[in-house]
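Architecture and fold: a report
Listed below are the residues making up each chain.
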Amino acid sequence: MNLTKKLIIPTILVLTISACSKEETKNTEVPLLTIPSFYDSTNYSTNTASILQIRTNFDGMVTEIKKGRILNNPVSADLLTANFSNGNPSIETFTTVEFANQLKGNDGWFKSLVNLSENTYSPDSLTSKGGVFGGYLFNANGVEPEQIIEKGLFGAALTNQVIQLISNNPTLVSVDKALYLVGATPHFKNSGNAIHGVIADKYLANYVARRDKNDGNGFYSSLKFNFIKLQAAIKGGAAFNNEKNEAIAKIKTILEEANYATVINYCYSSIANLSKTTLTETEKAATLHAINECIGFSLGWKNVNGKKITDTQIDEIITLLNFPVNSSVKPALFITDRVNQIIKLQTIIDKIKSIYGFGNAQLEDFKKNWVAEQAR
């Protein structure tokens, strides 16, 4: 009898342990997030209504600045300031303090534009006071205030606010607002081409599209996927906090990397022009314009939180672009001292490549505007 009991008891214990193990497995199953194919735009118009004025004011400001590209067509500093500071919220409320201070005031970039269009400019002239050159408006040092302001605000205002909206316990409302300020729409056209009308990409989203080969693996495709994923994760609740945080981190990364991939793009186009034996006046103006694009896209991310590149690294990049200027350093040197300046652009490319771990194949892709290449 004793032997029989000893045989039965272990059998019962084994069955009990097995049953508990199955129950524990069942209770710890992780739910899977269903990610739709499309962004839910049901409440998009309502959720973005309070910031519609931001785009209106931004576009009005850029339109006013570009007036100065035409000789004797002065820019109104008061109108620029009004578009920047008026509204609740205003563009200024979204802008990093340091960058906002660089725009306003008697020594700010808004005021610097006022009288420039009264003259024509030549980077080759030591006495040029600044003015219109090749369809762009430069100051005496070869700085194009338009690019400092517009491209700088892509980072310092719009992306700065996007990061804040999605970083602090985002809601469906804040995700819609972030998408709006990125410059994309729920249609995700992957193109800033005007043929798409109101659903064409604007602002930084336009340049994210330009850096995307439209093969499903690029910056824009990833941006779209992660905005949809973020929206789905928020709808799903706390069970999908990991997926939510993954999408947030990825959106930040895409915006930053596409921004600095665009700096690489303009460095390459400038190197191509500066490597020519001779440059036409049109090529000189286009090159100086591209250098200023690099300055604006780089400078705008300074003091933006949650980025990978450091402010020190940004300072290194804009210094290589001969900005800020002094008595012996200015962007115009890229035209007048090509042999000694061109190496700086390759140094910038190498720095950005190292910061983000870009591969050589990516660098080749960054040379192209894929929206134009593919006529999409």
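The structure reproduced in this document is the subject of the present report. (Residues numbered from 1 in each chain as written. Predicted model: local features only at pLDDT ≥ 70, side-chain atom pairs only at ≥ 80, totals over all residues. Heavy atoms only, no water.)

1. Quick word on the packing of aromatic side chains
Considering all chains together, one arrives at 20 aromatic pairs under this definition. Among the aromatic residues, those joined into a cluster by ring pairs are Phe58, Phe154, Tyr203, Tyr207, Tyr266 and Phe297. For Arg55, the ring lying beneath its charged end belongs to Tyr180, and the centroid distance is 4.2 Å. Positioned over the ring face of Trp370 is Lys368, at 6.0 Å from the centre of the ring. (Phe/Tyr/Trp six-rings, centres within 6.5 Å; stacked < 30°, edge-to-face > 60°. Lys NZ or Arg CZ within 6 Å of the ring centre and 35° of its normal.)

2. Looking at the layout of surface pockets
The gaps left among the atoms become clear once a water-sized probe is rolled over them. Estimated volume of the largest pocket: approximately 380 Å³. As for the largest pocket, its lining consists of 23 residues, of which Lys66, Glu150, Lys202, Tyr203 and Asn206 are closest to the centre. The element best represented in the lining of the largest pocket is helix 8 (residues 145-167), accounting for five residues. The class makeup of the residues in the lining of the largest pocket is seven nonpolar, six polar and 10 charged. Looking at the second largest pocket, its volume works out to about 280 Å³. Along the walls of the second largest pocket sit 16 residues, with Arg211, Asn217, Gly218, Phe219 and Gln362 positioned nearest its centre. Elements represented by at least two residues in the lining of the second largest pocket include exactly helix 11 (219-236), helix 12 (241-274) and helix 17 (360-366). The biggest single contributor to the lining of the second largest pocket is helix 12, with four residues. Across the lining of the second largest pocket, the residue classes break down as four nonpolar, five polar and seven charged. (1 Å grid on protein atoms, 1.4 Å probe; cavity = no way out; pocket = protein on both sides within 12 Å on 5 of 7 lines; lining within 4 Å. Points joined across faces, edges and corners; volume = space filled by probe spheres on them. Helix = DSSP H or I, 4+ residues; strand = E, 2+ residues; numbered from the N terminus. Nonpolar A, V, L, I, M, F, W, Y, C, P; charged D, E, K, R; others polar.)

3. A word on the environment of Tyr121
Looking at the secondary structure, you find Tyr121 in the loop between helix 7 (109-112) and strand 1 (130-133). Tyr121 sits in the buried class, given a relative accessible area of 5%. Separated by 18 residues in the primary sequence, Tyr121 and Asn139 have C-alpha atoms spaced 7.8 Å apart. Once residues within four sequence positions are removed from consideration, Tyr121 is found in contact with Ser128, Gly130, Gly131, Val132, Phe133, Phe138, Asn139, Ala140, Asn141, Gly142, Leu288 and Ala332. (Buried < 20%, exposed > 50% of the residue type's maximum accessible area, 1.4 Å probe, protein only. Contact = heavy atoms within 4.5 Å.)

4. Describing the nonpolar core
In this structure, Leu153 and Phe227 are the most contacted members of the largest nonpolar core, which totals 106 residues. Ranked by the residues each element gives to this core, the list is headed by helix 12, at 15 residues. (Core = buried A, V, L, I, M, F, W, Y, C linked by side-chain atoms within 4.5 Å.)

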